[in-house]
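Letter by letter, the chains look like this.
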Amino acid sequence: MNIMVYNKKKLLKKGFTMFLVALSVCAGLLVCLLIFLLIQSPGKPDQYIDKNGKPLVGSISEKTFATIGGVKQGMIIRSKNLNNPILLYIHGGPAFPNYFLIDKYKPDLEDYFTVCYWEQRGGGLSYSPEVPIESMNFSQLASDVIDVTNYLRNRFDKDKVYLIAHSGGTPFAIMAVANAPDLFYAYIGVAQITNQAESEKLAYRYMLEQYTKSADLSAIDKLNKYPVLDSVNYIVPFFKSLTRDELMHNLGIGTMRNMRSVFKGVFIPVWMCKAYTLREKVNIWISKFSFIKRTKLVDELFLTDIPSKVPKLEVPVYFISGKYDLTVNHDLSKEYLNRLQAPIKGFYSFNESAHSPIFEEPEKFKKILSIDVLNADICLADKE
């Protein structure tokens, strides 16, 4: 009996020792991870340097903050030459900035523009729990666009700016241009939203059709949890679900044509981007998964018909869309441009892209901006 008790105590002691070792290893790994993340998070965008390794004369690369619409909001401003025209970049989301992808894929818009990557109220650099929830609406965001535009005009002594918006940023960006056309040289809509409720229905039907053809019972079962997409009550839960993103990316109709893993393609790049501090990176995720869910922006998105709200613009208009984009339907964007009244307008299909042509085909994207947009031309646009 004494031997059994002794052996039992010995096993317990050994088990406890192994537990402490495992706990120590985990703690060590967490400390190493934290140190790595801190090293990767100096909170400053890369500077432009000349061939001698010195700061490039006439360039700028900074993170700054300004009071926009009564709220402190952040932006990253970069340019190789401050004499270049200003390009205000409106990210999508909503409230989910994508400068970390700009940093990763380097589309080099700064070759031709002084680019302001503004992070909208409630998101990323502009996240704060003190931002009034009721202020998160298209009208206020459109007003913020105009305020940021005037901030840039005054700071850099420019008459007008070019405005480019992506996906979830396009509804209120195009409203801002309609409201204050004298402030803008041109409007560039990338994955231009039109009627997002209809876009979601088309995407859902396409996915159900494709997964039925491949007999993917697991995917079909996930889709069947959202059986009817004929009202906002069904569409919004589907839109917010992880199922939507997962199944879209598996078919190459999501963020990028070749992006199959949101973890590798989006989550990791956020933590690797050196332009943000560690706290700012945490705020990016807080704003995406927490703050935005408390607003009614998504409901407003599905209740707003953009072509009816903005039937006319008084500036040149350029719509850029990936052929495989079903996150924001390519064909609906093209139909909108055909109806939209504008002095100059061009539609550009990217045949190797899904939702993010700027990252998937950056050379073609930059060529359109440098040849067509800057010269108020449409020579590179799709031919009917």
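In the block above lies the structure referred to throughout.
Since the model is a prediction, treat every value here as computed from it, not as a measurement. (Residues numbered from 1 in each chain as written. Predicted model: local features only at pLDDT ≥ 70, side-chain atom pairs only at ≥ 80, totals over all residues. Heavy atoms only, no water.)

Visitor: Break down the overall build of the chain for me, with residues and values.
Guide: Within the chain, the secondary structure is distributed over 15 helices and eight strands. In terms of overall dimensions, the chain has a C-alpha envelope of 95 × 55 × 40 Å along the principal axes. Looking at the chain as a whole, 52% of its 384 residues qualify as buried. When contacts within the chain are restricted to residue pairs at least 6 apart in sequence, those whose partners lie at least 24 apart make up 73%. Accessible area for the chain stands at about 18,400 Å²; split by element, carbon and sulfur atoms hold 56% of it. (Helix = DSSP H or I, 4+ residues; strand = E, 2+ residues; numbered from the N terminus. Buried < 20%, exposed > 50% of the residue type's maximum accessible area, 1.4 Å probe, protein only. Contact = heavy atoms within 4.5 Å. Areas by Shrake-Rupley, 256 points an atom, 1.4 Å probe, with all protein chains shown as cover.)

Visitor: Got a sec to walk through the sheet that holds strand 3 (residues 86-90)? Specific residues and values, please.
Guide: Strands sit in the order 1-2-4-3-5-6-7-8 across an open sheet of eight strands; the sheet is mixed. Each edge of the open sheet is held by one strand with a lone partner, namely strand 1 (60-68) and strand 8 (345-350). Each neighbouring strand pair of the sheet contributes to a mean axis angle of 20°, computed without reference to strand direction. Bridge count between strand 6 (residues 184-190) and strand 7 (residues 317-322): four bridges; the pairing is parallel. Considered in strand 7, the bridge of Ile188 is made with Tyr318. The sheet contacts of helix 13 (residues 330-339) involve strand 7 and strand 8, and relative to strand 8 the element is tilted by about 165°. (Pairing = 2+ DSSP bridges. Axes fitted to C-alpha atoms, helices over the stretch in contact; angles between N-to-C directions.)

Visitor: Quick rundown of the pairing of strand 6? Include the residues and the values.
Guide: Along strand 6, six of the seven residues are buried, which leaves the element largely enclosed by surrounding structure. When strand 5 (residues 161-166) meets strand 6, the two strands line up parallel, connected through six bridges. Note that in strand 6 the partner of Val161 across the bridge is Phe184. Remark: the strand 5/helix 4 (residues 170-179)/strand 6 crossover connection has right-handed handedness. (Right-handed = clockwise from strand over helix to strand, strands pointing away.)

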